Structures are given as C-alpha cells and as structure tokens.
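So the chains spell out like this:
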Amino acid sequence: MVVAGGQKAGTFQVLVGKIDDVLQYAIGDPLRYLANWGRLYSLWPVHLETACCSVEVGAAAGSRFDIERFGTLEAFGSLRACDLIIVMGTVTRKLAPRLKLIYDQMAEPKWVIAMGACSITGGLYFDSYNVLRGIDDIIPVDVYVPGCPPRAEALIQGIVLLQEKIRRMPTLSGR
Amino acid sequence: MKMALESEYSPDADRIMAVSLGPQHPGAGHFRIRLWLDGDYVVKALPDAGYVHRGEEKMGEYRNYIQNVPHLERPVILDSSNILFAYSLGVDELMNSKIPPRGQYLRVIMSEINRIISHMYFIAIQGLFLGHTTMITWCMGDRDFWIDLGERIAGARVTFAYIIPGGVRNDIPDFAIEKGLKTCDWFEKRMDEYEKIFYDNPMVHQRSDGVGVLSRDDAIAFGATGTVARASGLALDVRKDEPYSSYQDFEFKTPVLTQGDSWARAYVALLDMRESVKIIRQALKGLPQGPVRLKLGPQPRVPAGEVYSRTEAARGEMSYYIVSDGSPRPYRLKIGVPSAKNLRALPHLLRNVHVADIPVIYWSLNYWPVEADR
Amino acid sequence: MKPTSKASEPATPAPPQVGASPQQAKVPSNPSSAAAPVAPNPDLDRAKDIAGRITSKYPGSKLEWVKPRRLKVSVPLGIIKDVAFFARDSLGFDHIGTVSGVDWIAKSSLEVVYFVGSTTPGQEGFVLALSESVPRDDPVVPTLIDVWRGAEYHERETHEMFGLNFQGHPDQSHLFLPEDWNDLPPLRKDYVSPGR
C-alpha cells in the first residue's frame, strides 16, 4: 500500500484533485445545456401590466401573433413560479416599489424585458413629475424592446433575443 | 352562509379579512382593489387607482397644441382616436375653424373603427374573466383585422394620431375604402357567431346575469356614462345628443338595455359595434370629395377663451376642458375620461358579492386604469 | 409640412407669424364674447334661458360665457350648494360630468368648476359649468357630494392636484398621486415638473 508507484498515485491524485473539472466536462456542460434548453422554451411571464404597452402584449398573446409558438406561456399563475417579467411600459413612482417587490419575490433564475420607450428612458413622459426615467435604476434589465408601443413582432424578437441569452448562460444557477 | 352587511361588522373585527387585489394580478393589472372579506363575501371594497398616473394634464401645459397630440392618445391606447377627437373638437372650437366635410367623415370613420377595436378588447377580456377562452382567442384575432384597417388609413398600429386639430392627418387611400367595406360585411356575420357562442351561452348567463346590478337612479347619481349607463337604461349618447362632426348625416340607433347587470354591459358593447359597422359603411360609401384638413402650421395661434368639448368614446363621454390665454400652449387642459366617471360605481357594486364575481363586475364596467389615471 | 412631424421639437415660443395662416386671420380674437350668430339658434336660446333662470334667482352669480349647449356660471362664495341643488332639482342637471380646478396665479385665486350634464330628455346635450373662486392661500370650498354623489372621486382628484379643501368630504386621501407625495399639488402653476 505504502509502496504504490509514485507515478500511478500522482495520476490518481491529479484526477481526484480535478474531479470538479472532470465532472464539469462530463456532466455539467450537458446538464447546463439541458437545463437552459428547458428554461428557454418555457418562459413564464409575470402578469404585471404597468401601462399601455400591455395592449400589445395582449395582441402578441392573441391568436394572430401567438407568442406561445416561441415558447413563452400565457401570463397567468403565481409570480413565484414565474421566471420572466415583461415591464409593459411606464413605471410611475407609485408602482416602482411594487415592481421591485415583485421582482424580489420571483425565484432565480429570472429575466427582465423592458418593453416600450417609457420603461427604457421615460419616453414621451420625460418631463412628467410621476414617471421613472427608465427602470434599470431599480431592477436589472436583460432585453430592451424599443417602440411606443412596440409592435407585437418587436416583442417576439425581444423574446427570441432573450432565449439566445439564456442558451449562452455560462452557469447553471443563473446570473 | 349568512351574508354579512357592512353595518354589522367594523372592518377591523376578527372575522373580517383584508385582502389586496392587485396591482400584480391577472384580473386587475395596474390597479388595486382593497377588499374586506367575510368568508366568500365582500363586505367592502375600495379602489386604489393611480398606478399609471403620468401627469398628462401638467404635461399638456408644457407643450403647444400640436405637440400635445402624441402624448394625449397614450392614456387610452385602445381608443386612441376618440380621445384625440374630443381634444381636436375643442381646439377647433377655440380657433373657430370649420373642418372640411371629407375631414369630418374621415374623423367619424376612424372614431368608429377605434370604438370597435376597443370593444373587441373589452369583450375578449370579459370572456377571459368568465372562463370563456374561445372569446379571447376569437376577439383578439378578429380585432387585428380592424387594427389593420386603421393601419392602412393612418399608418400606425394602435397609436393612430390620425385626428388632429384642423382635420385628419392624411387622406384615406382607395384600397382602404375597399378593404373597409369588405371588413364591415365580414364582421357583421362574425358578430352573429359571437352572439351564439358567447352571449347565448348558458354558462355566461349563469355567471353574469344579475351580477353587479346598477340601477338607473344609481347610474345617474354616480355620473355613469357610456356602456355602463346604456346598460342601465340611460339613453346617453353624445353622438345623438349633440351631433358633432357630421354625425347627423348617419342613420344609427343608440342601443339601450335595462337589466343593468354584467351581461347587459357586455352585450351593449356588441350592439354598439353593430351600429358602428353601419356608420362606417355609410361614411365610406358617402365620402365627400375635397380637402381633409386645414393648414394650421406647427404652432397654431389659439385665441383666448374656454371650451368644454365632448365626444362619445368607446367607454363613454370623453370631455376636455381647455382654457387658453392666447399663448401657444394651453393654460389648463382637463381631460375628463369615461373610466374615471364610471369608477365611483365600482365600490358600490362590489358589496355583498362573491369573491369569484369581482373580476366579472370589475371588467364589465369597461374600466381602463391607464385612462382613468391619465 | 405635417404638424405632427414638428411635434418632437422643443416647445419654444415662436414669433407670432409662424403659426398664422390666411384663414386664421379671419378668426375673431375672442369667439366666446363674439358669439352672436345671425341665424336663430334654438340651442343657444335655450342655454341663455337656463343662464337667465340661474342669474335671476341668485343675483350674485355671473354668466361667464354662453355657447350653444354650453354655459358657465360663476357664483360668489358660499352659495354654490344652493345653486347646485337648484340646478339639479329645478333645471334637471342631475348627472355629474367632471370637476376641474384652474389655478389663476396672476389673480391669486383658485377656481373650481363643476361640469354637470343632464339626463332629462331633450336636454342631454347641455352642459352647465358651475364655478367658484377662492383665495389661493385659503382654498376651502364646500363639497357637493350631497348634490351629485358621483362628484366624490372628482373632488378627491381636484383636492390632490390643486390643494383645494372640500369641506365635508369623507375621504380626501390621495387618489392618483403616490402615498408619499409631499410636494406642492402638481397642477398648481408654481409647481415645476422635475424634468423641466
């Protein structure tokens, strides 16, 4: 036992020492790929209408554009089961704390789409006393969909961009 | 279970549970209802608006009369032409400008198209809240044909910005007239199918007959307008009462129902759309020739004065109170939106009802929070 | 050339000749006072008749302007409730349209205007505007909820936007503004939006 070949023990120790990397290459990458593949085609948005862009989300979820084709479900259910929040337009000073609260309640990993000019920069309401000039001060944004309001096709493009981002996500645990 | 009356319990009594419905809720987006419940019954409900208050009226004082056009249509994006219609009528009256007949007809066409777009959204979500998924699938799809028609005329998808002070922004292309007449023919047949599958559906009747009844006297006292008032037996229709913009040229009725419940409020919307189709067809066929707008320039000079203009929007009476002091910008711009006028009826209707009836009653008021908050 | 294409430019006061076009030169400078059409107008006559009934019953009240189907009457302090009851019970104006405030900062007064419609057959197209002016430093007016119940939320909104106090109003908490708003009421003229 004691006289085991140094060369042999060294290889074994190296293998044991790098077990993380080995597992990462052998299981982790396929697992990550599998998990992310599952995530990106079952995005479940929180139903938080913040302003008028929600009409275009309704149109996109309707039978003509049908965003379910792209793997985004209807916006129903508990927000604790959701992993996507589409901020549909203007966020006012009254809604901002609620938006943060809703974001904090969602389970990781979670993504944010800022839809419409108002949620990106304040848009037309740049000089209003009650409107936030962009939501990225309070929650991190993954995809910006510009427009006032963005067409349903633009929202679909935003979702496809987000799916691309999820596919390339380097870790299993999210951010 | 015995129904609890509000007088029997104080809101802080032990068996009363306070629940907040919204602002994140499928049934009440950007709006919150504070509820006090006794078991399954609502003892008291208070609306909490203001999640989309964007200060339109203050912004209106910083912009001139033409610059006000784009931001004024955002509050009611489903019905964007009608909110600008009232504004344009007000500014026209202040400037004493006479709109050319073709412009007046085009305003009517666009206003009625938008009424249909708005009502389609309304009955789609009403179907959704009743668990009637067919209605949302059909209506959201069919609504896009009308949006396409509006896009062919105005160039934008939902924010048309078509009706502006002085007339309409551009003339209607010929192919849009053809398409409009075809859409009207198709839609009239389609509405029969809506009646069969939704309004005559026993499930829909059970869920919404006698739910949230607003009596005629209450409708008067609360200042209800539009579909809510007409479902309660009040024949209020600004298009008939003070015909603006050549509405006197068209033949149409004001549908009035007397039940005053959620079903009637949803059904009035369908009857409204039937009349709208008639108006659009008459206007497209009898479209006069001539210019569509007056040349106003980018910064029109509006004489000093006050005006209270109103139109019949999809949800009811849309009114503007514009005070001009002769400067390029309005001194005061008050937007009187129908949703805010109907809001007072909500806490009245949400008393001694089942929790499950809240979404039905809430949405049957045709309440659009973005519009009410401005 | 289209007006909307210019809408994105910053709002700078332009010289008077920019917006002037030929047909605007014919516009009388004050259409509200010069409203005297040659043809008989039954709507205008009826509006004048309604105005006459109010002003003759309440001598302090003043007819501000009258147009076909529209009239605005301003009443002195203290009697607006009586006038409102009279308008509702005797004139048939039973349907509240909206309530607005106007901040006349130059005159140092706040005006509150009630727009009242009617459901009486034949009179649905008429809108009566009842107004009352109060000093800016002590803006207290009586509430008209007893007259038109629907005025409740409109008055609440006017309270938060203009700082007008409606005496007897059951709940004057914020309706549209955030709960923690601690600035001037935003629609007052001396409040400047942060973006400006």
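Criteria and cut-off values
- Residues numbered from 1 in each chain as written.
- Chains lettered and ligands numbered in written order.
- Predicted model: local features only at pLDDT ≥ 70, side-chain atom pairs only at ≥ 80, totals over all residues.
- Helix = DSSP H or I, 4+ residues; strand = E, 2+ residues; numbered from the N terminus.
- Buried ≥ 20, exposed ≤ 12 C-beta atoms within 10 Å, placed from the backbone.
- Contact = placed C-beta atoms within 7 Å.
- Rg over C-alpha atoms; globule rule 2.2 N^0.38 Å.
- Pairing = 2+ DSSP bridges.
- Axes fitted to C-alpha atoms, helices over the stretch in contact; angles between N-to-C directions.
- Nonpolar A, V, L, I, M, F, W, Y, C, P; charged D, E, K, R; others polar.
- Core = buried A, V, L, I, M, F, W, Y, C linked by C-beta atoms within 7 Å.
- Arc of directions from axis to C-beta.
- pLDDT = per-residue confidence, 0-100.

> Residues and numbers for the overall build of chain C, please.
When its secondary structure is counted, chain C shows 4 helices and 7 strands. When each of the 196 residues of chain C is scored for burial, the buried share is 38%. Of all intrachain contacts in chain C linking residues separated by at least 6 positions in sequence, the fraction that spans at least 24 positions is 52%.

> Summarise the overall build of chain B; cite the residues concerned and give the values.
In terms of helices and strands, chain B carries 15 helices and 8 strands. A compact globule built from 374 residues would reach a C-alpha radius of gyration of about 21 Å, and chain B, at 21 Å, matches this within 12%. Viewed in the frame of its principal axes, chain B has a C-alpha envelope of about 70 × 50 × 35 Å. Taking all 374 residues of chain B together, 62% fall into the buried category. Considering only contacts in chain B between residues 6 or more positions apart, those separated by 24 or more positions represent 72%.

> Could you give an account of the sheet that holds strand β2 (residues 84-88) of chain A, naming the residues involved and the relevant values?
All names here are of chain A. Judged by pairing direction, the sheet is parallel, and its 4 strands sit side by side in the order β1-β2-β3-β4 without closing on themselves. The open sheet is flanked by β1 (45-46) and β4 (143-145), the only strands paired with a single partner. One ladder, built from 2 bridges, connects β1 with β2; its direction is parallel. Counterpart to Val46 in the pairing with β2 is Ile85.

> Mind laying out the sheet that holds strand β3 (residues 41-48) of chain B, listing which residues take part and the relevant values?
Residue and element names in this part refer to chain B. On the basis of which strands lie adjacent, the open sheet formed by 3 strands has the order β1-β2-β3 and antiparallel pairing. On the outer flanks of this sheet lie β1 (17-21) and β3, each paired with one strand and no other. Neighbour to neighbour, the strand axes of the sheet diverge by 20° on average, direction disregarded. Bridge count between β1 and strand β2 (residues 32-38): 5 bridges; the pairing is antiparallel. Within the sheet, the bridge partner assigned to Ala18 lies in β2 and is Trp36.

> I'd love a proper account of the interface of chain C and chain B, names of residues and values included.
Listed as interface residues are 52 residues of chain C and, on the opposing side, 53 residues of chain B. Elements that contribute at least two residues to the side of chain C that touches chain B include exactly α1 (22-25), β2 (70-74), β3 (95-104), β4 (109-117), β5 (127-135) and α4 (151-162) of chain C. When residues in the side of chain C that touches chain B are grouped by element, the largest group, 6 residues, is from β3 of chain C. Of the residues assigned to the side of chain C that touches chain B, the class counts are 25 nonpolar, 17 polar and 10 charged.

> Break down the interface of chain A and chain B for me, citing the residues and quoting the values.
Each partner contributes residues to the interface: chain A has 32 residues there, and chain B has 27 residues. Every element with two or more residues in the side of chain A that touches chain B is listed here: α3 (54-61) and α4 (96-105) of chain A. The biggest single contributor to the side of chain A that touches chain B is α3 of chain A, with 5 residues. Here the residues of the side of chain A that touches chain B sort into 15 nonpolar, 10 polar and 7 charged.

> Tell me about the nonpolar core, and name the residues and values.
Val87 and Ile113 of chain A, Met110 and Ala124 of chain B together with Val116, Leu128 and Leu130 of chain C are the most contacted members of the largest nonpolar core, which has 207 residues in total. Considering every element that reaches this core, the biggest residue donor is helix α4 (residues 101-129) of chain B, with 16 residues. Once residues within four sequence positions are removed from consideration, Ala124 of chain B is found in contact with Met135, Ile136, Cys139 and Met140 of chain B.

> Give me the lowdown on the environment of Asp146 of chain C, citing residues and values where you can.
Summarising the element assignment, Asp146 of chain C is placed in the loop between β6 (140-142) and α4. Measuring from C-alpha to C-alpha, the distance between Asp146 of chain C and Ser193 of chain C comes to 35 Å, with 47 residues separating the pair along the chain.

> Quick one: what's the story with helix α3 (residues 80-89) of chain C, residue by residue and with numbers?
Residues and elements named next belong to chain C. Among the residues of α3, those classed as buried are Ile80, Val83, Ala84 and Ala87. Considered in projection along α3, the buried side chains sweep an arc of 100° and stay on one side of the axis. Next to the buried residues of α3 lie α2 (42-57), β4, β5 and β6.

> Which residues make up the confidence of the model for chain B, and what values go with them?
Model confidence for chain B is summarised by a mean pLDDT of 86, while 95% of its residues fall at 70 or above. Confidence drops under pLDDT 50 across residues 1-7 of chain B; counting only partners more than four residues distant or on other chains, this segment forms 10 contacts.

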